[in-house]
Each structure stands twice: as C-alpha cells, then as structure tokens.
Amino acid sequence: MAEPHALVTGAAGFIGSTLVDRLLERGTRVTGVDCFTDYYDPALKRRNLAAAASHPGFRLLELDLGAADLAALPEVRVVFHQAAQPGVRASWGREFAAYTHHNVLATQRLLERYRDASLERFVYASSSSVYGDAERFPTGEDLPPRPFSPYGVTKLAGEHLTLLYGRNFGMKVTALRYFTVYGPRQRPDMAFHRFCRALLRGEPITIYGDGTQSRDFTFITDAVEANLRAWERAAPQGVYNVGGGSQVEVREAVALLERVLGVKAALRFEPRPPGDPPRTRADAARIRADLGFAPATGIEQGLAAEAEWARGLYAGARS
Ligand code: NAD
Ligand code: UGA
C-alpha cells in the first residue's frame, strides 16, 4: 500500500515544522503549505525546514491559504491545519486584519477545499486562548469559551468553522486546544525564547506584571504527539485540551532558565498587557480517556532542551 500522505499547513512554523519532521520520520509523505508571513523573521522559518527540505518525502507549497487558488492542494489522507497568525498580545488595533485573514478566512477556505474529500481526519490547531480569563481551573472543554484577546476570538471562530463543517458535511474533524507550547524552534515573540535570548546576550528580561502569572506550559513533542493521536486513534468529533500537565509561574520558569544557562537574570518589570490572562490550566481528562494522551516532558527537561537549542541559535552571542 502507498505510504500515507499528509498536508501540514503552517509547515515552516514552530509547531508545523516539528510535526513535519515527525511525520517524515514515521514514513508519512508530507505536503507542507506556508506563506512565510513576516510576523517574525522568515529566515528562522526556512531554518526550521532545513532537514525536511532535503527529504524525498517532502514537498513545500508556498501559498497564502487566505488568497491562493486552493484547487492546487493535493488529495491527502489527513490535514493538520497549523497555519495562523499567532500572538495574544499583538492582536489589538490595526493588526487585527491579519488575524481575521490568516485565522478565519484561511481556515474557511481550507475547509471548503477538503469538505468533500473523505479525509481520515482534519485536525485544527486551536488554543487555550479560547478560554481567555477562565472562570474555572482546571478548565474543561465544556466550559463556554470566553476569549480575552482579539487573537482568541479569531482562534475560536476558526474552531467553530471546523466543527460546523464537521457537522454539516460529515468531515472527521478534531480541534486541539494547545496550552502555551514551548521547546526548540519556539517563536521569537514568546516568553521562553525571549528569556533565553536575553540571558545569552546579557540583556535584561522583561516580565509582565509581577511574574506570578502561570501557564500549563506544553512541550513541543507532546503537542505533536496529540496531533498524531487525533489522526491515528480516530478521535471522536470535537475539542480536546492539550496541556503540559503542570502549573508553572513565569518567575519560576525564569529561575529554571537561570540555572540551566548559568546566568543571573536582570529583571525589568512592565505592566501586564491587555489580553494576557493571569492563569491557564488544562483539564486533561478527556484527551486521556479518548486518545490515551498524557504529556511526557516536564518543565525542567523541556526548558533545558529549549535553552540548549537557543544556545545553538544565538552562538556567538555573549554567554
Ligand atoms: P508560527 O507562527 O511559528 O507558525 C505558523 C505558520 O503559519 C507560519 O510559518 C506562517 O508563515 C504560516 N501562515 C500563517 N498564515 C498563513 C496562511 N494564510 N497561509 C499559509 N501559511 C500561513 O506559530 P506556532 O506557534 O507554530 O503556532 C502554530 C499553530 O498553533 C497556530 O494555529 C497557533 O494559533 C496555534 N497555537 C500555538 C500555541 C503556541 O504556544 N505556540 C498555542 C496555542 C495555539
Ligand atoms: C501562547 C502563544 O503565543 C499563543 O499563540 C497561544 O495561542 C497561547 O500560548 C495559547 O496557549 O493559547 P502566551 O501564553 O502569551 O501565548 O505565551 P508566552 O508568550 O510564552 O507568554 C507566557 C507568559 O509570559 C505570559 O503571561 C506573558 O505575559 C509572559 N511574558 C511573555 C513575560 O512576562 N515577558 C515576556 O517577554 C513575554
């Protein structure tokens, strides 16, 4: 039988590129889609795809899902839709137009392309930001979503679109609500990447608020594993939290990174920006029961892996 063929959107990004590598490693053929938005340096995205680019099972289509003719996309068994305009704190003001384009319109167009395609699974990368400033912890999937940022609204819209295409057209859809993902290749606008870079360059770290805000930080290989399980274990239609399994305050993470990198941080405090929730914590019961998923990498090990990767990225910087 021919090897399975997957489509990964956002293939050059942090999560998408790691998923691509994992699929190729397992013998799945991959068509990647990315338009290399300039939200952060596209050279970093090219670097993410360096290994995949020379793999015979990989093909890259450079196109904008919100604008291109999607008839060119291949027939595949599974779609992992990771493409989006990310970033909670940057989604205010004029930037919102990019969020609606990349997160809402692009998702609707991709669903239209595949609605009659008999996919084994369409996996949508959703976000803990659909819960916003949640009313209950740990937060279960059935709590009515109440985003706290414009970004969260667009991710929720994309999730609703995915689910309603599932209900109307019988598409097998799953939405994975990732909780703050970290690890090698993390986006340069995200906290741990910024902290590593600052520590390696001998620059101060900026902490929003007092650093007691906390996240259910999720290691990248765990987020990737959840995608594979959603496909292979044929998750029922619906939404799943994907959390890292612990509650970590930002100031605790800084202390861990200081230890791993052997550098004392100079801290600079700034007010907590609008849209930034004080806490996230996933209720993991549903994904454990349906997909047998439990996170495998804890925060100490995960931060050490990210710090090691950042050392390579910023080699030559003061350390
Ligand atoms: P990323 O920015 O590194 O990757 C997204 C990729 O999508 C980028 O390479 C970008 O160029 C591409 N892209 C954006 N719009 C596109 C379009 N219209 N057509 C084609 N390509 C397009 O982001 P990431 O951190 O890897 O996030 C991946 C997904 O996971 C996103 O959907 C994001 O909302 C979601 N998510 C991420 C986190 C996290 O902590 N990183 C948490 C929750 C949800
Ligand atoms: C992350 C991703 O950026 C979103 O794309 C994703 O959708 C979201 O997770 C999610 O889980 O849904 P965020 O939690 O803000 O958003 O991730 P980080 O940038 O890693 O920030 C974590 C915490 O560190 C935040 O409370 C933030 O205020 C704080 N932070 C960030 C700082 O104190 N200093 C910084 O320089 C950056």
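This write-up is about the structure you can find in this document. Remember, predicted model here, so these are calculated numbers, not experimental data. (Residues numbered from 1 in each chain as written. Chains lettered and ligands numbered in written order. Predicted model: local features only at pLDDT ≥ 70, side-chain atom pairs only at ≥ 80, totals over all residues. Heavy atoms only, no water.)

**Quick word on the overall build of the protein chain**
From N to C terminus, the protein chain includes ten helices and 13 strands. Computed over the C-alpha atoms, the radius of gyration of the protein chain is 19 Å, within 12% of the 20 Å expected from 2.2 N^0.38 for a compact globule of 319 residues. The principal-axis extent of the C-alpha atoms belonging to the protein chain is close to 55 × 45 × 40 Å. With 319 residues in all, the protein chain has 55% of them scored as buried. Restricting the contact set of the protein chain to residue pairs at least 6 apart, pairs at least 24 apart contribute 83%. Element-wise, carbon and sulfur atoms account for 51% of the exposed surface of the protein chain, whose accessible area totals about 13,500 Å². Side-chain charges of the protein chain comprise 39 positive and 36 negative groups, with the mean position of each set lying 1 Å from the other. (Helix = DSSP H or I, 4+ residues; strand = E, 2+ residues; numbered from the N terminus. Rg over C-alpha atoms; globule rule 2.2 N^0.38 Å. Buried < 20%, exposed > 50% of the residue type's maximum accessible area, 1.4 Å probe, protein only. Contact = heavy atoms within 4.5 Å. Areas by Shrake-Rupley, 256 points an atom, 1.4 Å probe, with all protein chains shown as cover. Lys, Arg positive; Asp, Glu negative; His and termini not counted. Charge placed at Lys NZ, Arg CZ, Asp CG, Glu CD.)

**Overview of the packing of helix 6 (residues 191-201) against helix 8 (residues 250-261)**
As a packed pair, helix 6 and helix 8 sit with axes 11 Å apart at the nearest point and diverge in direction by 40°. Comparing their axes, helix 8 and helix 6 come out oblique. As for the relative orientation of helix 6 and helix 8, their crossing is right-handed in sense. Counted together, Phe192, Phe195, Cys196, Leu199 and Leu200 of helix 6 and Val250, Ala253, Val254, Leu257, Glu258 and Leu261 of helix 8 form the full contact between these two elements. When grouped by side-chain class, the residues that make up the contact of helix 6 with helix 8 number ten nonpolar, no polar and one charged. (Axes fitted to C-alpha atoms, helices over the stretch in contact; angles between N-to-C directions. Parallel < 35°, antiparallel > 145°, perpendicular 65-115°, else oblique. Left-handed = near helix turned anticlockwise from the far one by under 90°. Nonpolar A, V, L, I, M, F, W, Y, C, P; charged D, E, K, R; others polar.)

**Overview of the site of ligand 2**
If you check the shell around ligand 2, you find 23 residues, and the closest are Ser127, Ser128, Tyr151, Arg187 and Asp276. In this structure, Thr180 approaches ligand 2 through a main-chain N or O atom, which is 2.8 Å from an oxygen atom. Interatomic distance of 3.5 Å between a side-chain N/O atom of Arg194 and an oxygen atom of ligand 2. In isolation ligand 2 exposes 700 Å². Once the protein is present, 96% of that is buried. When residues of the shell around ligand 2 are traced back to their parent elements, those giving at least two are helix 6 and strand 8 (205-208). (Near = heavy atom within 4 Å. Polar contact = N/O pair within 3.5 Å; in protein donor to acceptor, adjacent residues only side chain to side chain.)

**Considerations on helix 1 (residues 14-25)**
The terminal C-alpha atoms of helix 1, which comprises twelve residues, lie 17 Å apart, in line with the 16 Å expected from a rise of 1.5 Å per residue. The set of residues buried in helix 1 consists of Phe14, Ile15, Gly16, Ser17, Thr18, Leu19, Val20, Asp21, Leu23 and Leu24. Downstream of helix 1 by a residue or two, Gly27 has a phi angle that is positive, lying close to 85°. (Expected span 1.5 Å × (residues − 1).)

**A look at the pairing of strand 1 (residues 5-9)**
Taking burial as the measure, the five residues of strand 1 include five buried ones, the bulk of the element. Side chains of strand 1 alternate between two faces, with His5, Leu7 and Thr9 and Ala6 and Val8 buried alike. Across five bridges, strand 1 lies against strand 2 (residues 29-34) in parallel orientation. Bridging from a neighbouring strand, His5 pairs with Arg29 of strand 2. (Pairing = 2+ DSSP bridges.)

**Describing the site of ligand 1**
If you check the shell around ligand 1, you find 31 residues, and the closest are Asp34, Tyr40, Tyr151, Lys155 and Val181. Within the side chain of Lys155, an N or O atom sits 2.8 Å from an oxygen atom of ligand 1. Protein contacts shield 98% of the accessible area of ligand 1, which totals 830 Å² for the unbound molecule. Where the shell around ligand 1 is concerned, the elements lending two or more residues are helix 1, helix 4 (96-114), strand 5 (121-127) and helix 5 (150-169). Broken down by element, the residue count for the shell around ligand 1 peaks at three residues, all from strand 5.

**Looking at the sheet that holds strand 11 (residues 238-242)**
In spatial order, the strands read 3-2-1-4-5-6-11; together these seven strands make up an open sheet with parallel pairing. For this open sheet the edge positions go to strand 3 (58-62) and strand 11, each flanked by a neighbour on one side alone. Taken pair by pair, the neighbouring strands of this sheet meet at an average axis angle of 20°, ignoring direction. In the packing of helix 4 onto the sheet, contacts are made with strand 1, strand 4 (78-81) and strand 5, and the angle to strand 4 comes to roughly 180°. Running over the sheet, helix 5 touches strand 5, strand 6 (173-178) and strand 11 and is turned about 160° from strand 5.

In short, the description is geometric, and any link to function would need to be established separately.
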